[in-house]
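# Architecture and fold: a report
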Amino acid sequence: MHELSMADAIVKTVIDAAEKNDAIEVLEVTVEIGKMTLLNPEQIKFMLDVLSEDTILAGATFILEEIPIEIECGSCGYKGEIDSEGLDEYTPILICPKCEGHEISIIAGRECNVKNIKIEKSDEDAQDS
Ligand SMILES: [Zn+2]
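In what follows, the accompanying structure is described. Note that the structure is predicted; figures quoted are calculated from it, not measured. (Residues numbered from 1 in each chain as written. Predicted model: local features only at pLDDT ≥ 70, side-chain atom pairs only at ≥ 80, totals over all residues. Heavy atoms only, no water.)

### Examining the sheet that holds strand β6 (residues 112-121)
Sheets are built from strands paired through backbone hydrogen bonds, the pairs being either parallel or antiparallel. Spatially, β2-β1-β6 is the arrangement adopted by the 3 strands of the open sheet, whose pairing is mixed. For this open sheet the edge positions go to β2 (61-67) and β6, each flanked by a neighbour on one side alone. Strand after strand, the sheet turns through a mean of 15 degrees between neighbouring axes, direction not considered. Judged from the 9 bridges that link them, strand β1 (residues 23-34) and β6 form a sheet pairing that is antiparallel. (Pairing = 2+ DSSP bridges. Helix = DSSP H or I, 4+ residues; strand = E, 2+ residues; numbered from the N terminus. Axes fitted to C-alpha atoms, helices over the stretch in contact; angles between N-to-C directions.)

Given below as structure tokens:
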């Protein structure tokens, strides 16, 4: 379960950050998920909701941003996004869309980061009216 361990890591990261910042509540969490990770964002989201129950994250909104795969081709110099459809979980083979070469480096799409966390701090007693 790829997604479960990822969701678990995200929840731990956010709880850690929230505690360091004296948060009393986490409002919103933005997570970047590269398509190269082959993670299913819907499943991640579902697991985040489950894992955040009974934690400071309960009730937080999770925003998942998918990052397209970008490559740079060593043969023809093509640089840009490539189609991630048909990527196999076990043998992800990437081919340059221009020259069909295999000498490519991935410049984006491997991300799986917590990008942004919105929290409610305990030392803020300001009341909106
Ligand atoms: Zn190429």
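### Considering the pattern of salt bridges
In the structure shown here, the tally under the stated rule is 4 salt bridges. The shortest N-O distance in the salt bridge between K118 and E28 comes to 3.5 Å. In this pair, K118 is assigned in strand β6 and E28 in strand β1, connecting sequence segments 90 residues apart. K118 sits in the partly exposed class, given a relative accessible area of 41%. (Salt bridge = Lys/Arg side-chain N within 4 Å of Asp/Glu carboxyl O. Buried < 20%, exposed > 50% of the residue type's maximum accessible area, 1.4 Å probe, protein only.)

### Focus: the coordination of the zinc ion
Those protein atoms acting as donors to the zinc ion are C73 (SG), C76 (SG), C96 (SG) and C99 (SG), and they sit at 2.2 to 2.3 Å. Angles of 106 to 114 degrees at the metal separate the 4 donor atoms of the zinc ion, which places the site in the tetrahedral class. Motif for the zinc ion, donor spacing along one chain: C-x2-C-x19-C-x2-C. Taken together, the positions of C73 in strand β3 (residues 70-73) and C96 in the loop between β4 (79-81) and β5 (104-108) put the pair 23 residues apart, joining distant regions of the chain. (Donors = N, O, S within 2.8 Å, 3.2 Å for Na, K, Ca; no water. Tetrahedral: all angles 85-135°; square planar, octahedral: opposite > 155°, others 65-115°.)

### A look at the side chain of T37
Tracing the backbone through its elements, the reader meets T37 in the loop between β1 and α2 (41-51). On the basis of relative accessibility, which here comes to 15%, the residue T37 falls in the buried class. Setting aside residues up to four positions removed in sequence, T37 forms contacts with H2, G109, R110, E111 and C112. (Contact = heavy atoms within 4.5 Å.)

### Digging into helix α1 (residues 2-20)
The end-to-end C-alpha separation of α1 is 28 Å, in line with the 27 Å expected for 19 residues at 1.5 Å each. Every buried residue of α1 is listed here: E3, A7, I10, V11, V14 and A18. All buried residues of α1 lie within an arc of 100 degrees about the axis, which places them on one face of the element. Residues of α1 that are exposed and point more than 90 degrees away from the buried face comprise K12, E19 and K20. Where α1 is buried, its residues touch β1, α2 and β6. Backbone geometry just after α1 places D22 at a positive phi near 50 degrees. (Expected span 1.5 Å × (residues − 1). Arc of directions from axis to C-beta.)

### Observations concerning the environment of L27
Positionally, L27 belongs in strand β1. L27 has contacts with A60, T61, K118, I119 and E120, leaving out every residue within four places of it along the chain.

### Things to note about the sheet that holds β5
Pairing is antiparallel across the open sheet formed by 3 strands, whose spatial order is β4-β3-β5. Bordering the open sheet on either side are β4 and β5, each of which pairs with just one other strand. Each strand of the sheet is rotated relative to its neighbour by a mean of 30 degrees, with strand direction disregarded. In terms of strand pairing, β3 meets β5 through 4 bridges, oriented antiparallel. Directly across from C73, in β5, lies its bridge partner I104.

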